[in-house]
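# Structural overview
The lines below spell out each chain.
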Amino acid sequence: MSVVKHPEQADEGLQKIQWVEKFMPVCRSLETQYSGAKPFQGLTVGMCIHLEAKTARLALLLMRTGANVVITGSNPLSTKDDVAAALARQGAEVFAWYGETPEEYEQNLERVLSFAPDLLLDDGFDLTTMLIEKYAPLAGKLAGVTEETTTGVLRARNMAKAGLLPFPVVAVNDARVKRLFDNRYGTGESTLASFMNTTNLVVAGKVFVVCGYGYVGSGVAKALRALGGRVVVTEVDPIRALEAHADGFEVANMDVACELGEVFVTATGNAGVIRKEHFLKMRDGAILGNAGHFNVEIDVEALESLAVSKREARPSITAYKLSNGKELFLIAEGRLMNLASGLGHPAEIMDLSFATQFLSLLYLKENRGKIEAGVVIPPPEVEEQVARTKLAASGIRIDELTEEQRAYLGRW
Ligand code: NAD
Ligand code: SAH
C-alpha cells in the first residue's frame, strides 16, 4: 500500500505528467515498441530517484511494459506530492513525500527493498548500498542496478574496487547521451531557473562563483553567463581549470573567490568545498546553493556552528547571521537546489536520460546472469537508439558513412 502525503492532489499530478509526456518523444517511442511484448512482465523494479513528473513518466513506461514499480525519492526535498499521489493512483507502490526526515527517508528505502525487486534503478546509490549492507540475501534475486548520476557511479566503482559489488551496475550516467545533455544542459538550465525563482534576483552583472568545472559546473557557468552573469570558476583539476580559462571564465582558488562572489554554486560531488574559513570572508548577503550532490559540498554544519541566529528569509532560503555581523543565505538546506527548490531538468532532457535508463534495465533483464559483477557502461546500441530516435523526432537528418569512407577509416 502506497504512502503519500496528499492523495487528494492526484489530479494535479496527473496533469503535470501528461504535460511532460507530450515532450518526451523517445519514451513515447519505447512505449509503442514494447507495450505489446511487455518485456518486464512479472518483474519488480525498485526505484529511488527524484519523484517528480518526468520520473513518473518513466515509471509509467515501465508499468505499461509489464513491470511492477515500487518507488521512493532520492532526496528528502525533491518529491512533488501531487505527482507521487498521481503515480500511486496509476498503480505504482509509492513511498515518498516532500520533507521526509532522515529516518523516514531510510524507512522508505527499506519499504522499496521489502518488495524484493528484480531490478533497481538508483540515483546516488543509497538504495543499492542499503541492499548490500543490510539485506545482502536480496542480491541473489537481483538482475542488476542502473545508476543515474556521477556520484552514484563513483560510489559503485569504489565498492567494486573493494570487492563488495555482487551484481552488475549499469552506469547510465556515463552514457554520452546522458551526461552531455543532462549533466550539462539540464543542470545548467534548471539551476539557473532555481536561482531565479527561489531568490527573485537578477543574474545580469552579478558575480557567481561556480565550484567545479565538470559536466555540471561547465553547464551552470555557461547558463549563468548567457544571462549576463559574471562567473568565477574554482577547480582542483588543472586541465579543467585551463578549460574554464579557455572558455573565457575567470579562474581563482576558493580563498580568493570567496571574497569575490555574490552567489556561490557548488557542482563538484565532493565534500567541504565551501568551509568555515570561506564563510567568514564572504560579503554580507552572499547566497549559497548546491547543484552537485549531497548536502556536504557546502559545509552546512560549519555554517550552523558559526551562526548566532538563523531565520527563514524566503521559502527555501535560510538566513544565517554570523558573529561578524554578516548575513549569509543558504538555498534548500544545501541540498541540490535545482530539484529541492525547483522542478529539475526539463522534460526533453530527461527524455534522453530516462530512455537510456529503460533500455539499460532491459539490457540487464535480457542478459541476466551473463554480465559480470561490476560497473559497466550502457551498450553502444542503447545510446545509438536513443540519439537516433530523438533526432528523428526533432526532424533532423544526418549523414551515413559511405562504403569508401568506412574503408578509408579502416586503413593505417
Ligand atoms: P565531474 O566529475 O564531471 O565534475 C566534477 C568537477 O568537480 C571535477 O572537474 C573536479 O575536478 C571538480 N572538483 C572536485 N573537488 C573540487 C573542489 N574541492 N573544488 C573545486 N572543484 C572540485 O562530475 P559532474 O558530472 O559534473 O557531476 C558533479 C556532481 O553533480 C556529482 O555529484 C553529480 O552526481 C551531480 N549531478 C547533479 C545534477 C543535478 O541535477 N543537480 C545532475 C547531474 C549530476
Ligand atoms: N541522491 C542525490 C541525487 C543526485 S541528483 C541527492 O542528494 O539528491 C542528480 C541526478 O538528478 C542527475 O543525474 C539527473 O539525471 C537527475 N535529475 C535531474 N532532473 C531530474 C528530474 N526532473 N527528474 C528526475 N531526475 C532528475
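As a reminder, the structure under discussion sits directly above these lines.
Now for a look at the structure at hand. These numbers were taken from a predicted model, which means no experiment stands behind them.

This paragraph deals with the state of the cysteines. Taken as a whole, this structure holds zero disulfides when the rule is applied. The thiol of cysteine 27 is not disulfide-bonded; the next cysteine sulfur, from cysteine 48, is found 19 Å away. Owing to a relative accessible area of 0%, cysteine 27 belongs among the buried residues under this scheme.

All right, on to the pattern of salt bridges then. Scanning the model with the defined rule gives 22 salt bridges in all. Residue aspartate 11 is joined to arginine 89 by a salt bridge in which the shortest nitrogen-to-oxygen separation is 2.7 Å. Residue aspartate 11 is located in helix 1 (residues 10-22), and its partner arginine 89 is located in helix 4 (residues 81-89); the two are separated by 78 residues in the primary sequence. Here the salt bridges share partners, and the residues they tie into one network are Glu21, Glu31, Arg57 and Arg64.

Turning next to the sheet that holds strand 5 (residues 144-147). Strand order across the open sheet formed by seven strands is 3-2-1-4-5-6-15, with parallel pairing between neighbours. In this open sheet, the two edge strands, each paired with only one partner strand, are strand 3 (93-94) and strand 15 (374-376). As defined by bridge partners, strand 4 (residues 119-122) adjoins strand 5 across four bridges and the pair is classed as parallel. The residue of strand 5 that forms the bridge with leucine 120 is valine 145. Where helix 5 (residues 102-113) meets the sheet, it contacts strand 1 (44-48), strand 2 (68-72) and strand 4, and its direction lies at approximately 170° from that of strand 2. Of the strands in this sheet, strand 1, strand 4 and strand 5 are in contact with helix 6 (residues 126-134), which crosses strand 4 at around 135°.

Residues Gly144 and Thr146 of strand 5 are buried on one face, and the alternating residues Val145 and Glu147, pointing to the opposite face, are buried as well. Following the chain from strand 4 across helix 6 to the adjacent parallel strand 5, one finds a crossover that is right-handed. Two strands pair when backbone bridges link them, and strand 5 and strand 6 (residues 168-171) are joined in this way by three bridges, in the parallel orientation. When the sheet's bridge partners are listed, threonine 146 is paired in strand 6 with valine 170.

The next subject is the packing of aromatic side chains. We describe a pair of aromatic rings using the distance from one ring centre to the other and the angle between the two ring planes. Across all of its chains, the model carries seven aromatic pairs by this definition. Ring geometry for phenylalanine 40 and phenylalanine 358: centres 5.5 Å apart, planes at 75°, overall edge-to-face. With a gap of 318 residues between them, phenylalanine 40 in the loop between helix 2 (25-34) and strand 1 and phenylalanine 358 in helix 15 (residues 347-366) connect regions that are remote in the sequence. Residue phenylalanine 40 shares its accessibility class with phenylalanine 358, and that shared class is buried. Plain terms: the ring middles of phenylalanine 181 and tyrosine 185 are 6.5 Å apart, the flat faces sit at 20° to each other, and that makes the pair stacked. Of this pair, phenylalanine 181 and tyrosine 185 are both found in helix 8 (residues 176-199), four residues apart, which corresponds to roughly one turn of the helix. Judged by relative accessible area, phenylalanine 181 falls into the partly exposed class, the value being 31%.

Here we take up the site of ligand 2. Taken together, the neighbourhood of ligand 2 is formed by 20 residues, with Glu52, Asn75, Glu148, Lys178 and Asp182 sitting nearest. Between ligand 2 and histidine 50 there is a distance of 3.4 Å, counted from an oxygen atom to a side-chain nitrogen or oxygen. One of the backbone N or O atoms of aspartate 123 is found 3.2 Å from a nitrogen atom in ligand 2. Where the shell around ligand 2 is concerned, the elements lending two or more residues are helix 3 (53-64), helix 8 and helix 15. In terms of residue class, the shell around ligand 2 is made up of six nonpolar, eight polar and six charged.

We now examine the site of ligand 1. As a structural note, the neighbourhood of ligand 1 is formed by 26 residues, with Thr149, Thr150, Thr151, Val216 and Glu235 the closest of them. Threonine 151 is positioned with one of its side-chain polar atoms (N or O) 2.5 Å from an oxygen atom of ligand 1. Protein chains bury 87% of the 860 Å² of accessible surface belonging to ligand 1 in isolation. Class assignment of the residues belonging to the shell around ligand 1 gives a composition of eight nonpolar, 15 polar and three charged.

With that settled, consider the packing of helix 2 against helix 3. For the pair helix 2 and helix 3, the least separation of the axes is 10 Å and the interaxial angle reads 10°. Classified by the interaxial angle, the pair formed by helix 2 and helix 3 is roughly parallel. Here helix 2 contributes Cys27, Arg28, Leu30 and Glu31 to the contact with helix 3, which in turn contributes Arg57, Leu61 and Arg64. The residue inventory of the contact of helix 2 with helix 3, partitioned by class, reads three nonpolar, no polar and four charged.

Rules behind the numbers
- Every chain begins its residue count from 1, and numbering advances along the sequence as written.
- Whichever chain is written first becomes A and whichever ligand is written first becomes 1, with later ones labelled in order.
- pLDDT decides what is reported in this predicted model: residues at 70 or higher carry local features, side-chain atom pairs at 80 or more are listed and counted, and totals for whole chains, interfaces and linings draw on all residues regardless.
- Calculation of side-chain values draws on the structure's entire complement of heavy atoms; hydrogens and water are dropped beforehand.
- In plain terms, two cysteine sulfur atoms within 2.5 Å form what is called a disulfide here.
- With a 1.4 Å probe rolled over the protein chains alone, any residue whose accessible area is under 20% of its type maximum counts as buried; one over 50% counts as exposed, and the rest are partly exposed.
- A side-chain nitrogen of Lys or Arg and a carboxyl oxygen of Asp or Glu constitute a salt bridge if their distance falls within 4 Å.
- A run of H or I in DSSP counts as a helix once it spans at least four residues, and a run of E counts as a strand once it spans at least two, with each numbered from the N terminus.
- In this description, strands pair whenever DSSP reports at least two bridges between them.
- Any two residues having at least one pair of non-hydrogen atoms within 4.5 Å are treated as being in contact.
- In this description, a line fitted to the C-alpha atoms serves as the axis of each element, helices being fitted only across the stretch in contact, and the angle between N-to-C directions of two axes falls anywhere from 0 to 180 degrees.
- Crossovers are marked right-handed if the path from the first strand over the helix to the second runs clockwise, as seen with the strands pointing away from the viewer.
- Aromatic pairs are defined between Phe, Tyr and Trp rings, using the six-membered ring for Trp, whenever the two ring centres lie within 6.5 Å; interplanar angles under 30 degrees are classed as stacked, those over 60 as edge-to-face, and all others as tilted.
- For this purpose, a residue is taken to be near a molecule or strand whenever a single non-hydrogen atom of the residue falls within 4 Å of it.
- N or O atoms closer than or at 3.5 Å make up a polar contact, with two conditions inside protein: a donor-capable atom paired with an acceptor-capable one, and, for residues adjacent in sequence, both atoms drawn from side chains.
- In the scheme used here, Gly and all other residues not listed as nonpolar or charged are polar, with Ala, Val, Leu, Ile, Met, Phe, Trp, Tyr, Cys and Pro taken as nonpolar and Asp, Glu, Lys and Arg as charged.
- Using a 1.4 Å probe, the Shrake-Rupley method yields the accessible areas, and only the shown protein chains count as cover for residues.
- In what follows, roughly perpendicular refers to angles from 65 to 115 degrees, roughly parallel to angles under 35, roughly antiparallel to angles over 145, and oblique to any angle outside these ranges.

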